[in-house]
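# Commentary on secondary and tertiary structure
So you can see what is in the structure, the chains are spelled out below.
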Amino acid sequence: MHKVKSVTAMAVLLGAGLALGACTTESTTKDVMKHPYKEVWSGYSTATPETRAMQDDDFANPYMPYVDAAAELWDTPAGEAKKSCADCHGAPDDAKGGSMGIPMKGVGAKYPAYDPESHGPINVELRIQKCQTDHQKAKPFKYESDELLGMTGLVVMQSRGMKRETKAAEQSDPLYPAWLQGKAFYYQRRGQLDLACKHCHEDNAAILVRAELLSQGQSNGFPTYRLKWQKPGSLHRRFRGCNNNIRSEPYAYGSDEYLALETYLAWRGRGLPIEGPSVRK
Ligand code: HEC
Ligand code: HEC
């Protein structure tokens, strides 16, 4: 079991910034996984039983209507090339990956990947957009649009249960510079509250803040349906939210800063099973 820490440290950290809820130290943390270096666990572990039940049942998961809409788009020819995703990749769950031999299974577990064109990381959202521009000769879905969120959910869910893998921390890996940049971001204090990601998600994971247990801020559940948003959201939206919470300037969707952070976060969560599209409070 993950050791539950006192809320005092968090109260001091958050100072006047955020009001703290009742001082409950009882944790519902479960399913804690062992990891070679440290314990890693999913935000699923700190979700309430009700939220977990929604995620566990695709008929109750409010993300699924967006995925269903995307499944139709998947089969629809688009752009000047008049090609559908299916024309090249087969069905989303086709293990052989259609005529191109490029399956969707595994994508969610291995992204962000290295993009030789930008010489940096590319995530699933940008990869989909690239297929739309390069291969369909179409206008790409906008970042954070219902269409792109749906399509990202459809692609990522083909990797559900697969373990997150990345070699980005190895110096020989082309993603290493992004990993370094993401790591620096993670530990850098910022905003009016002068907090780093680390202060909440590393030092104070599994403690209660405002009736909500802080998780390790892992990315294996993304994209996610957030009940608070009443909408699906990308990992970059979550980053923007966490930046806003500490009154620091958020970066743009798909920005180099967030792609580097995403690369680093994937490494922190290596070994965790892909859950997306998950449900969170
Ligand atoms: C004309 C063929 C074609 C079409 C249409 C197409 N793709 Fe692709 N897709 C590719 C090729 C080729 C690659 C490999 C990377 C490259 O060369 O661009 C790829 C790569 C991908 C990848 C990354 C796979 C991996 O293992 O890294 C994803 C995800 C993807 N496509 C999704 C889509 C989606 C979603 C659509 C429809 C919106 C789509 N593609 C439409 C040809 C296509
Ligand atoms: C002031 C505390 C605080 C800081 C600082 C903070 N977060 Fe969060 N974060 C939260 C809270 C609260 C949640 C929602 C509950 C949870 O999952 O911990 C959350 C959720 C998340 C999640 C979603 C986890 C899941 O399983 O759905 C991610 C990812 C995340 N944060 C990443 C970050 C990153 C990256 C940074 C640094 C840029 C950061 N956070 C900074 C408080 C914080």
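Attention in this report is confined to the structure presented alongside it. (Residues numbered from 1 in each chain as written. Chains lettered and ligands numbered in written order. Predicted model: local features only at pLDDT ≥ 70, side-chain atom pairs only at ≥ 80, totals over all residues. Heavy atoms only, no water.)

## Here's the deal with the site of ligand 2
For the record, the criterion: Any residue with a non-hydrogen atom lying within 4 Å of a molecule or strand is treated as near it. To qualify as a helix, a DSSP run of H or I must reach at least 4 residues; to qualify as a strand, a run of E must reach at least 2; elements of each kind are numbered from the N terminus. Under this grouping Gly is polar, as are all residues other than the nonpolar Ala, Val, Leu, Ile, Met, Phe, Trp, Tyr, Cys and Pro and the charged Asp, Glu, Lys and Arg.
The local shell around ligand 2 holds 23 residues, among which Cys197, Cys200, His201, Ser215 and Cys242 are the closest. Elements represented by at least two residues in the shell around ligand 2 include exactly helix H9 (197-201), strand S4 (212-213) and helix H10 (235-245). Sorting elements by how many residues they give to the shell around ligand 2 places H10 first, with five residues. Split into classes, the residues belonging to the shell around ligand 2 amount to 14 nonpolar, six polar and three charged.

## Quick notes on the side chain of Arg190
Rules: Per-residue accessibility, obtained with a 1.4 Å probe over protein chains only, is compared with the maximum for each type, and a residue is labelled buried under 20%, exposed over 50%, and partly exposed between these values. A residue counts as positive if it is Lys or Arg and as negative if it is Asp or Glu; His and the chain ends are not included. Salt-bridge detection follows one rule: a side-chain nitrogen of Lys or Arg within 4 Å of a carboxyl oxygen of Asp or Glu. N or O atoms within 3.5 Å of each other form a polar contact, as long as, within protein, one can give a hydrogen and the other can take it, and as long as residues adjacent in sequence are counted only when both atoms are side-chain atoms. We call two residues contacting when some pair of their heavy atoms lies within 4.5 Å.
Note on placement: Arg190 falls in the loop between helix H8 (176-187) and H9. This buried residue, Arg190, is left without a salt bridge; Glu257 holds the nearest opposite charge, at 8.4 Å. In terms of polar contacts, Arg190 uses its side chain to reach the backbone carbonyl oxygen of Phe185, at 3.4 Å. Setting aside anything within four residues of it in sequence, one finds Arg190 in contact with Phe185, Leu195, Asn243, Ile246, Ser248 and Tyr251.

## Details of the site of ligand 1
Condition: Computed over the protein atoms alone on a 1 Å grid, cavities are sets of points where a 1.4 Å probe fits but cannot get out and pockets are open sets with protein on both sides within 12 Å along at least five of seven lines; a residue lines them when it has an atom within 4 Å of a point. A molecule is said to be in a cavity or pocket once over half of its atoms fall within 2 Å of that pocket's grid points.
Taken together, 19 residues are adjacent to ligand 1, and Cys85, Cys88, His89, Tyr111 and Cys131 come closest. Here an oxygen atom of ligand 1 and a side-chain polar atom of His135 are 2.8 Å apart. A molecule is said to occupy a pocket when more than half its atoms come within 2 Å of that pocket's grid points, and by this definition ligand 1 occupies the second largest pocket. Looking at the shell around ligand 1, the elements that each hand over two or more residues are helix H4 (85-89), helix H5 (107-110) and helix H6 (124-135). With five residues, H6 is the largest single contributor of residues to the shell around ligand 1. For the shell around ligand 1, the class distribution of residues is 11 nonpolar, five polar and three charged.

## Focus on the sheet that holds strand S5 (residues 224-226)
In a beta sheet, neighbouring strands are held together by backbone hydrogen bonds and run either parallel or antiparallel to one another. Just so we agree on the cut-off: The rule for pairing is simple: two strands pair if DSSP sees at least two bridges between them. Note on method: axes are straight lines fitted to C-alpha atoms, helices fitted across the in-contact stretch only, with angles between N-to-C directions ranging 0 to 180 degrees.
The mixed open sheet is built from three strands, whose spatial order is S6-S5-S7. For this open sheet the edge positions go to strand S6 (231-233) and strand S7 (278-280), each flanked by a neighbour on one side alone. For this sheet, the mean angle separating the axes of adjacent strands, direction not counted, is 35 degrees.

## Overview of the layout of surface pockets
If a probe as big as a water molecule is rolled over the atoms, it shows which places are left empty. Applied cut-off: Grid points are joined across faces, edges and corners, and a volume is the space filled by probe spheres set on the points.
Empty space within the second largest pocket amounts to approximately 450 Å³. Every residue lining the second largest pocket is counted, 22 residues in all, and those nearest its centre are His89, Ile102, Met104, Arg127 and Cys131. Residue assignment for the lining of the second largest pocket shows that the elements contributing at least two residues are H4, H5, H6 and helix H7 (146-156). At six residues, H6 tops the list of elements feeding residues into the lining of the second largest pocket. Counted by class, the lining of the second largest pocket contains 14 nonpolar, five polar and three charged residues.

## Examining the packing of H8 against helix H11 (residues 256-268)
Put simply, the rule is: The cut-offs work like this: below 35 degrees is roughly parallel, past 145 is roughly antiparallel, 65 to 115 is roughly perpendicular, and the gaps in between are oblique.
Running from amino to carboxyl end, H8 crosses H11 at an angle of 90 degrees, the nearest separation of the two axes being 7 Å. The pairing of H8 with H11 is recorded here as roughly perpendicular in orientation. Here Ala178, Trp179, Gln181, Gly182, Lys183, Phe185, Tyr186 and Tyr187 of H8 lie close against H11, whose contacting residues are Asp256, Glu257, Tyr258, Ala260, Leu261, Thr263, Tyr264, Leu265, Trp267 and Arg268. Residue composition of the contact of H8 with H11, by class: 11 nonpolar, three polar and four charged.

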